[in-house]
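What follows is the residue order along each chain.
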Amino acid sequence: MTEHVMFASGALQAARGGPLYLQLKRFIEDAIRNELVHAGDALPSERDIAARLDVSRVTVRKAVQQLVREGVLVQRHGSGTYVASLPRRVEQSLSHLTSFTEDMARRGMAVRSTWLDRGIYDASAEEIAALGLAADERVARVARLRISGDTPLAIERASLSASLLPDPEAVGPSLYAHLERSGNRPVKAIQRIRAMSLGDEDAALLQVAPGVASLHIERTSYLPSGRVVEFTRSVYRGDTYDFVAELRLGDDGNR
Ligand code: 16G
């Protein structure tokens, strides 16, 4: 069985540094990444792993519990610990202005959304500033949980001027496709990405434990006229997304 090879004695030495339980955690993550074990495979018992790697059962329990909290392993009562089926990591280019639906379609992944909210509201101070609204202008809010297969990937909370999206109820599966139809698809965006631990509510929606790392992304998108069309705050599961930027040596004086 693969896990026998994976937990061969001495194997842990490859993953040096830091407390032992974190080394073991990294070791298990590497084994999953390198496909030594696969989704659905059972891990040997705590006692077995401890004996094979010559570490204490407490160390094994701590590593396993942390991986369970992060959704990498799942524990089924009475039957043991298994490798969770994680979605493939998704790469999103940081140089192309694409929509979630387009990103996923390019990878052959079908997506769906659950509506968390959509409607016309009085704008918050943050929305007035981000969208450059007049004080009496209202906003359209479109909030969705974006799902691939059975896996929730991201929560997206978009705000737009109600004059650009007067009927949020009419948005279909793709916001950008909807905006395109009214000639309001953005042509440029600024994206700000930061790491954040998930709060209880977002963790529950994304089906991971509270406190797990996530990517918090703010996208402000613009029409060709320079007018802001969209201010979206998204929370992506940290274990599913890689944002990839292409960097070039500037030959035109740009830095
Ligand atoms: C992307 C954008 C989001 C945009 C959405 C439209 C990021 C971080 N966010 O997910 O701002 O609203 O695409 O997707 O990339 P849709 O057309 O599939 O609704």
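Just above, that's the structure.
Residues numbered from 1 in each chain as written. Predicted model: local features only at pLDDT ≥ 70, side-chain atom pairs only at ≥ 80, totals over all residues. Heavy atoms only, no water.

### Quick notes on the site of the ligand
Taken together, 17 residues surround the ligand, and among them Thr-101, Glu-156, Ser-174, Leu-175 and Glu-230 come closest. Between the ligand and Phe-100 there is a distance of 3.0 Å, counted from an oxygen atom to a backbone nitrogen or oxygen. Taking Leu-175, its main chain carries an N or O atom lying 2.7 Å from an oxygen atom of the ligand. Expressed as a share of its isolated accessible area of 460 Å², the protein-covered part of the ligand is 100%. Elements with a contribution of two residues or more to the shell around the ligand: helix H5 (100–106), strand E5 (138–148), helix H7 (175–181), strand E8 (213–222) and strand E9 (228–237). Counting residues per element, the shell around the ligand draws most heavily on E9, at three residues. (Near = heavy atom within 4 Å. Polar contact = N/O pair within 3.5 Å; in protein donor to acceptor, adjacent residues only side chain to side chain. Areas by Shrake-Rupley, 256 points an atom, 1.4 Å probe, with all protein chains shown as cover. Helix = DSSP H or I, 4+ residues; strand = E, 2+ residues; numbered from the N terminus.)

### Notes on helix H4 (residues 57–69)
Here H4 spans 18 Å end to end across 13 residues, near enough to the 18 Å set by a 1.5 Å rise per residue. Listing the buried residues of H4 in full gives Thr-59, Val-60, Ala-63, Val-64, Gln-66 and Leu-67. Across the axial projection of H4, the buried residues extend over an arc of 160°, all falling on one side. (Expected span 1.5 Å × (residues − 1). Buried < 20%, exposed > 50% of the residue type's maximum accessible area, 1.4 Å probe, protein only. Arc of directions from axis to C-beta.)

### Some remarks on the sheet that holds E9
On the basis of which strands lie adjacent, the open sheet formed by six strands has the order E4-E5-E6-E9-E8-E7 and antiparallel pairing. Whereas interior strands pair on both sides, the edge strands pair on one side only; in this sheet they are strand E4 (111–122) and strand E7 (188–197). The average undirected angle you get between the axes of adjacent strands in this sheet is 15°. As paired strands, E8 and E9 are joined by nine bridges and run antiparallel to one another. Bridge pairing in E9 places Ser-214 opposite Arg-237. (Pairing = 2+ DSSP bridges. Axes fitted to C-alpha atoms, helices over the stretch in contact; angles between N-to-C directions.)

### A few points about the pattern of salt bridges
The full count for this structure, using the stated rule, is 14 salt bridges. Taking the shortest distance from any N to any O, the salt bridge between Arg-146 and Glu-156 comes out at 3.1 Å. Of this pair, Arg-146 sits in strand E5 while Glu-156 sits in strand E6 (residues 151–161), placing them 10 residues apart in sequence. Take Arg-146 and Glu-156: they sit in the same class, and that class is buried. Connected through salt bridges with shared partners, the residues Glu-46, Arg-57 and Arg-61 form a single ionic network. (Salt bridge = Lys/Arg side-chain N within 4 Å of Asp/Glu carboxyl O.)

### Here's the deal with helix H3 (residues 46–53)
Side chains that are three or four residues apart share a direction in an α-helix, a result of its 3.6 residues per turn. Among the residues making up H3, those that are buried are Ile-49, Ala-50, Arg-52 and Leu-53. Downstream of H3 by one or two residues, Asp-54 has phi in the positive range, about 60°.

### Observations concerning the side chain of Ser-148
Of note, Ser-148 is situated in strand E5. What makes Ser-148 buried here is its relative accessible area of 11%. If sequence neighbours within four positions are ignored, Ser-148 has contacts with Met-109, Ala-110, Val-111 and Leu-153. (Contact = heavy atoms within 4.5 Å.)

### Digging into unusual backbone geometry
Located in the positive-phi region is Asp-54, a residue other than glycine, with phi close to 60°. Within the fold, Asp-54 resides in the loop between H3 and H4. With a phi angle near 60°, Gln-207 is a residue other than glycine that sits in the positive phi range. By secondary structure assignment, the location of Gln-207 is in the loop between helix H8 (200–206) and E8.

### Points about the nonpolar core
Phe-7, Leu-24 and Val-60 are the most contacted members of the largest nonpolar core, which has 19 residues in total. For this core, the secondary-structure elements that each account for two or more residues are helix H2 (20–33), H3 and H4. Looking at this core, the element that brings in the most residues is H2, giving five residues. In this structure Phe-7 touches Leu-24, Phe-27, Ile-28, Leu-43, Pro-44, Ile-49, Arg-52 and Leu-53, once residues within four positions along its chain are discounted. By size, the runner-up hydrophobic cluster in this structure holds 12 residues, among which are Val-142, Leu-160, Leu-165 and Val-171. (Core = buried A, V, L, I, M, F, W, Y, C linked by side-chain atoms within 4.5 Å.)

### Focus: the packing of aromatic side chains
On inspection of all chains with the given rule, the structure shows zero aromatic pairs. In this arrangement the basic side chain of Lys-62 is found over the ring face of Tyr-21, its NZ or CZ atom lying 4.3 Å from the centre. Geometry around Tyr-82 places Arg-76 over its ring, the cationic atom sitting 4.2 Å from the centre. (Phe/Tyr/Trp six-rings, centres within 6.5 Å; stacked < 30°, edge-to-face > 60°. Lys NZ or Arg CZ within 6 Å of the ring centre and 35° of its normal.)

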